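Overview (structure and organization)
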Amino acid sequence: MSAEEEASKEETGQSLSEKDQQQLDADKRGIRLENEKYLRSHPELAVITTTVIAEVLRERPEDPVTFVANYMTAKDLKARVLKTANTIGAS
């Protein structure tokens, strides 16, 4: 049974066999580890998320989804992120 099928069973309240639950737990751990490895290999992602969250909190837009979409597609995004990275590095 796939992880998606297992998740669907969980959502509908159907219980898993012990073996299926162990497999689902192992799959989840594997996904978490792969995500962690990826994030560690791309530390700039932390700077990007920190930057955009700081801007949302500073601006407090009425429509944060549109604000973030516009922010992330701005032509000067790289410069903003590098500026924030340099500020964090100087702290």
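Provided above is the structure to which this section pertains.
Residues numbered from 1 in each chain as written. Predicted model: local features only at pLDDT ≥ 70, side-chain atom pairs only at ≥ 80, totals over all residues. Heavy atoms only, no water.

1. Notes on the overall build of the chain
What counts here: Helix and strand definitions follow DSSP, with helices as H or I runs of at least four residues and strands as E runs of at least two, each counted in order from the N terminus. Here's how the labels work: a residue is buried when its accessible area is under 20% of the maximum for its type, exposed when over 50%, partly exposed in between, all with a 1.4 Å probe on protein chains only.
Summing up its helical and strand segments, the chain has five helices and zero strands in all. Secondary structure elements of the chain, listed N to C terminal, follow the sequence α-α-α-α-α. Buried residues in the chain amount to 14% of all 91 residues.

2. What about unusual backbone geometry?
Not every positive phi belongs to a glycine, and arginine 60 is a case in point at roughly 45°. Tracing the backbone through its elements, the reader meets arginine 60 in the loop between helix H3 (44–59) and helix H4 (64–72).

3. As for the side chain of threonine 51
Where we set the bar: Only heavy atoms enter the contact rule, under which two residues are in contact if any of them lie within 4.5 Å.
Mapped onto the elements of the fold, threonine 51 is located in helix H3. For threonine 51, a relative accessible area of 5% gives the class buried. Beyond its immediate chain neighbours, meaning those up to four positions away, threonine 51 contacts Tyr71, Arg80, Val81 and Thr84.

4. Let's talk about the nonpolar core
For clarity, the cut-off: Definition of nonpolar core: a set of buried residues of the types Ala, Val, Leu, Ile, Met, Phe, Trp, Tyr and Cys, connected through side-chain atoms within 4.5 Å.
Counting seven residues, the largest nonpolar core is built from Val47, Val52, Val56, Phe67, Tyr71, Leu77 and Val81. Elements that contribute at least two residues to this core include exactly H3, H4 and helix H5 (77–90). If one sorts the elements of this core by residue count, H3 sits on top with three residues. Look past the residues within four positions of valine 52 in its chain and what remains in contact with it is Val68, Tyr71 and Met72.

5. Thoughts on the packing of H3 against H4
Between two packed helices, what matters for the description is the angle formed by their axes and the separation of those axes. Note the cut-off: Interaxial angle, 0 to 180 degrees, is taken between N-to-C directions of lines fitted to C-alpha atoms, where a helix line uses only the stretch in contact. For classification, angles of less than 35 degrees are called roughly parallel, those exceeding 145 degrees roughly antiparallel, those between 65 and 115 degrees roughly perpendicular, and all remaining angles oblique. Note on convention: the crossing is left-handed when the near helix lies turned anticlockwise from the far helix by less than a right angle, right-handed when the turn is clockwise. Three residue categories are used. Nonpolar comprises Ala, Val, Leu, Ile, Met, Phe, Trp, Tyr, Cys and Pro, charged comprises Asp, Glu, Lys and Arg, and polar comprises the others, including Gly.
Running from amino to carboxyl end, H3 crosses H4 at an angle of 135°, the nearest separation of the two axes being 11 Å. Relative to H4, the element H3 is oriented oblique. With respect to the hand of their crossing, H3 and H4 are arranged in right-handed fashion. Contacts between H3 and H4 involve Ile48, Thr51, Val52, Glu55, Val56 and Glu59 on the former and, on the latter, Phe67, Val68, Tyr71 and Met72. Partitioning the contact of H3 with H4 into residue classes produces seven nonpolar, one polar and two charged.

6. As for the packing of aromatic side chains
Worth spelling out the cut-off: Only Phe, Tyr and Trp rings take part, Trp by its six-membered ring, and two of them pair if their centres are within 6.5 Å. Stacked means planes under 30 degrees apart, edge-to-face means over 60, and tilted covers everything else.
Scanning all chains against the criterion turns up one aromatic pair. Arranged with centres 6.2 Å apart and planes meeting at 25°, the rings of phenylalanine 67 and tyrosine 71 form a pair that is stacked. Of the two residues, phenylalanine 67 and tyrosine 71 both sit in helix H4, four residues apart, roughly one turn of that helix. One exposure class covers both phenylalanine 67 and tyrosine 71, and it is buried.

7. Structural notes on the pattern of salt bridges
Put simply, the rule is: A side-chain nitrogen of Lys or Arg and a carboxyl oxygen of Asp or Glu constitute a salt bridge if their distance falls within 4 Å.
Scanning the model with the defined rule gives five salt bridges in all. A salt bridge links lysine 37 to glutamate 34, with the nearest nitrogen and oxygen atoms 3.5 Å apart. Note that lysine 37 and glutamate 34 are positioned in helix H2 (residues 18–41) at a spacing of three residues, about one turn of the helix. A relative accessible area of 53% places lysine 37 in the exposed class. A salt bridge links arginine 80 to aspartate 76, with the shortest nitrogen-to-oxygen separation between them at 3.3 Å. By relative accessible area, arginine 80 is classed as partly exposed at 29%. Among the residues examined, aspartate 76 registers a relative accessible area of 37% and is labelled partly exposed. Connected via shared salt-bridge partners are Glu55, Arg58 and Glu59.

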